[in-house]
Amino acid sequence: MRILVLVAVAPLFAQTLPRPEYPEPRFERPQWQSLNGAWEFEFDNANQGVESGWAAGNKELPRKITVPFAPETKRSGIGDTAFHPWVWYRRAFDIPSAWNGKRVLLHFGAVDYRASVWVNSQLAGEHTGGNTPFRFDITALVKPGANTLVVRAEDPPTDRTVPRGKQYWQPKSRGIFYTRTTGIWQPVWLEATGDAYLDRVRADASMEGAARFEARIARYSPDLEFGVSIKDGERVVASATVAADSPATYVDLRVRNPRQWYVNQPNLYDVTYEVRRGGAVLDSVKSYIGFRTVAVSGGRVLINGRPTYLKMLLDQGYWPESLLTPPSDEAIQFDIKASMDMGFNGARKHQKLEDPRFLYWADKMGFLISDEMANAYEYDADYAERFTREWMEVIERDVSHPSVIMWVPINESWGVPNLADSRQQAHLKALYWLTKSIDPTRPVIDNDGWEHVDTMDLFTIHDYTGTGEAFYAKYKDLGKPGAPVPNNGRAILVSGYEYNGTPFLLSEFGGIAYVPEGVRVPGDAWGYAGTEKTAESAFTRLKGLYEAIAKVPAIAGICYTQTTDVEQEVNGLMTYDRKMKFDPARIKALNDLLR
């Protein structure tokens, strides 16, 4: 695969631009400009910025911030973790002369939680949802020479109906909750296109070589064509162009005897999408696909028809100096490689919609992903509407990644804390069926960990039993006829429902806390399954859990808690700053027990 390097960057940021790589490698245009780097910034705690005319862009904001890092982070240059419900950003940008006559698109990877965007004092648009990308066509708003971009973000810090994941609604991190993220926390960039352009393309590719590309064209007219070309290296292996008879059109292609995408076998094919009119290319986008199929059968997860024992890490996706934002592309690759070196074949991206480049590197490295939404904690009708809309945007963003093998809209009844309530139960089921209606090609988990209903493709269990002996005693009959599924903390099934025969996935276990000598941690540091004083005692307990799991054939996969320590939570296999706590080869030997 080709990795695009940064082009057309303003000289001011040429040497110090953070996160300079192309932000969305699955949908890569040749003409683009990063807007990461230095912006003006200000808190607006009294919410007076709108009335005071800040949107006009005429007021110089007194602080400086480094985008895409949130103001709570050290990398932002601010590092203020107090409550700030409203924040403002401003910067100047130029449109390259090579873009004359082209349409200009302004992209945001994610802004938490509500964003309003002005270009040259005019409202470009608004977006609600702190996890998903959005884009505005700003062609009519820009002018030759200098332009001004202003962003206002509203992030209600204590509203528990907002999908917030692990971001805590109290001033200081505690327990399983961490420092908040406010405002822009993923890259911002500009792109140039022709008069009509691709709004999005969904790619579905099966292990047999069938591929369907469903496109939606912006600024559609009936004289357009949509073309797709698949290349294996430099060789075109399939291509077609069709008349775009509506804004939504598709192309079906087939590659004979494809090299399948699989764990540690990341076979990818380059793809080019084009929108044409009368032979002229109006928009060209580079992408890629992996031929693979996911299914559930015989008590196992099948990838390309092969039973695959899932060996995952619960990955919170936090970094010490940048929180939810990966500090660099190299940091992303390090986490995936370290996980693979320990014998894990995937990650459950817990309570976070991860940066698209994490999914790109998972695609490139053959690493499985459980794609999970950041949840809210309380239920009301407004929550249900907002959450459902944002979850649909999550699926749209990630559906074409071969590494993504399952969807997890809800974890541990977060957002639906009272499933005896018929509305909350209906919401849980509706998310399952909505997800299946959009993407029937992947398993969907209804409620990860407990309180399952009758809508799930994998029966997930969370259990932090501390020793292998106790774990085996609890689960030795799992899956046997008539044997109940054990509860842990809360009921494993909502009252009135029974186990539906789907494969068992131990999607949270372990949580053994151990702090290496010399590592500084908060005074309230803790772990799910207690604390061990030495690496050897922690490893011995971990080994006992693995040996017990290996003796329970009904378990089709595991997810160990967790990849790294995060703030006060110290049950990672690595420290927060990514130092290994154990010899990776010893952890790999434990994972090799599971088949």
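Residues numbered from 1 in each chain as written. Predicted model: local features only at pLDDT ≥ 70, side-chain atom pairs only at ≥ 80, totals over all residues. Heavy atoms only, no water.

**Q** Account for the pattern of salt bridges, naming residues and giving values.
**A** Counted according to the given criterion, the structure contains 48 salt bridges. Note that Asp457 and Lys436 form a salt bridge whose closest N and O atoms lie 3.0 Å from each other. With Asp457 in the loop between α4 (422-438) and β29 (459-462) and Lys436 in helix α4, the pair connects residues that are 21 residues apart, well separated along the chain. Residue classification places Asp457 among the buried positions, given a relative accessible area of 15%. Between Asp577 and Lys579 there is a salt bridge, with the nearest N and O atoms lying 3.7 Å from each other. Here Asp577 falls in the partly exposed class, since its relative accessible area comes to 46%. Several salt bridges share partner residues, and in doing so they unite Arg135, Asp199, Arg200 and Glu396 into one network. (Salt bridge = Lys/Arg side-chain N within 4 Å of Asp/Glu carboxyl O. Helix = DSSP H or I, 4+ residues; strand = E, 2+ residues; numbered from the N terminus. Buried < 20%, exposed > 50% of the residue type's maximum accessible area, 1.4 Å probe, protein only.)

**Q** Break down the packing of helix α5 (residues 468-475) against helix α6 (residues 535-550) for me, citing the residues and quoting the values.
**A** For the pair α5 and α6, interaxial distance at closest approach is 8 Å and the crossing angle is 20 degrees. In terms of their interaxial angle, α5 and α6 are classed as roughly parallel. Where α5 crosses over α6, the handedness of that crossing is right-handed. Of α6, the residues touching α5 (which contributes Gly468, Phe471 and Tyr472) are Gly544, Leu545, Ala548 and Ile549. (Axes fitted to C-alpha atoms, helices over the stretch in contact; angles between N-to-C directions. Parallel < 35°, antiparallel > 145°, perpendicular 65-115°, else oblique. Left-handed = near helix turned anticlockwise from the far one by under 90°. Contact = heavy atoms within 4.5 Å.)

**Q** Got a sec to walk through the sheet that holds strand β27 (residues 368-372)? Specific residues and values, please.
**A** Here seven strands make up an open sheet; going across it, the order is β28-β27-β26-β25-β33-β30-β29 and the pairing parallel. Two strands lie at the open edges of the sheet, namely β28 (404-408) and β29, each paired on one side alone. Sheet twist, expressed as the mean angle between neighbouring strand axes with direction ignored, is 25 degrees. As paired elements, β27 and β28 share four bridges and run parallel to each other. Across the sheet, Ile369 pairs through a bridge with Val404, a residue of β28. Across the face of the sheet, helix α3 (residues 381-398) comes into contact with β27 and β28 while running at roughly 180 degrees to β28. (Pairing = 2+ DSSP bridges.)

**Q** For the pairing of strand β9 (residues 134-137), give the residues involved together with the corresponding values.
**A** Residues Phe134 and Phe136 of β9 are buried on one face, while the alternating residues Arg135 and Asp137, pointing to the opposite face, are not. Of the strand pairs in this sheet, strand β5 (residues 103-108) and β9 are connected by four bridges, and their pairing is antiparallel. Bridge pairing links Leu106 to Phe136 in β9.

**Q** Describe the confidence of the model for the protein chain, and please don't skip the residues or the numbers.
**A** When pLDDT is averaged along the protein chain, the result is 95, and 97% of the positions lie at 70 or above. With pLDDT under 50 throughout, residues 1-15 is counted as low confidence; its partners more than four residues away or in other chains account for 32 contacts. (pLDDT = per-residue confidence, 0-100.)

**Q** Lay out unusual backbone geometry with the relevant residues and their values.
**A** The amide bond that connects Val67 to the next residue, Pro68, takes the cis arrangement and shows omega of 20 degrees. In this fold, Pro68 is placed in the loop between β3 (63-67) and β4 (86-94). Cis peptide bonds are those with omega within 30 degrees of zero, and the linkage from Asp112 to Tyr113 qualifies with 10 degrees. With respect to the secondary-structure elements, Tyr113 resides in the loop between β6 (111-112) and β7 (114-119). In this structure, Asn264 takes a positive phi of about 60 degrees despite not being glycine. Along the chain, Asn264 turns up in the loop between β18 (261-262) and β19 (265-266). Of note in the backbone geometry, Glu412 takes a positive phi value of approximately 50 degrees without being a glycine. Mapped onto the elements of the fold, Glu412 is located in the loop between β28 and α4.

**Q** A description of the packing of aromatic side chains should follow, citing residues and the corresponding values.
**A** Considering all chains together, one arrives at 36 aromatic pairs under this definition. For the ring pair Trp169 and Phe177, a centre distance of 4.9 Å and an interplane angle of 55 degrees mean the geometry is tilted. Consider the rings of Phe539 and Phe582, whose centres lie 6.4 Å apart with planes at 45 degrees: the pair is tilted. Pair noted here: Phe539 is in helix α6 and Phe582 is in the loop between β33 (555-561) and α7 (584-591), with a separation of 43 residues, a long-range link. Here Phe539 matches Phe582 in class, with each residue buried. An aromatic cluster of at least three residues, connected via ring pairs, comprises Tyr168, Trp169, Phe177, Tyr377 and Trp414. Just above the ring of Tyr269 sits the side chain of Arg259; from NZ or CZ to the centre is 4.9 Å. Over the aromatic face of Phe539 sits the side chain of Arg586, whose NZ or CZ is 3.8 Å from the ring centroid. (Phe/Tyr/Trp six-rings, centres within 6.5 Å; stacked < 30°, edge-to-face > 60°. Lys NZ or Arg CZ within 6 Å of the ring centre and 35° of its normal.)

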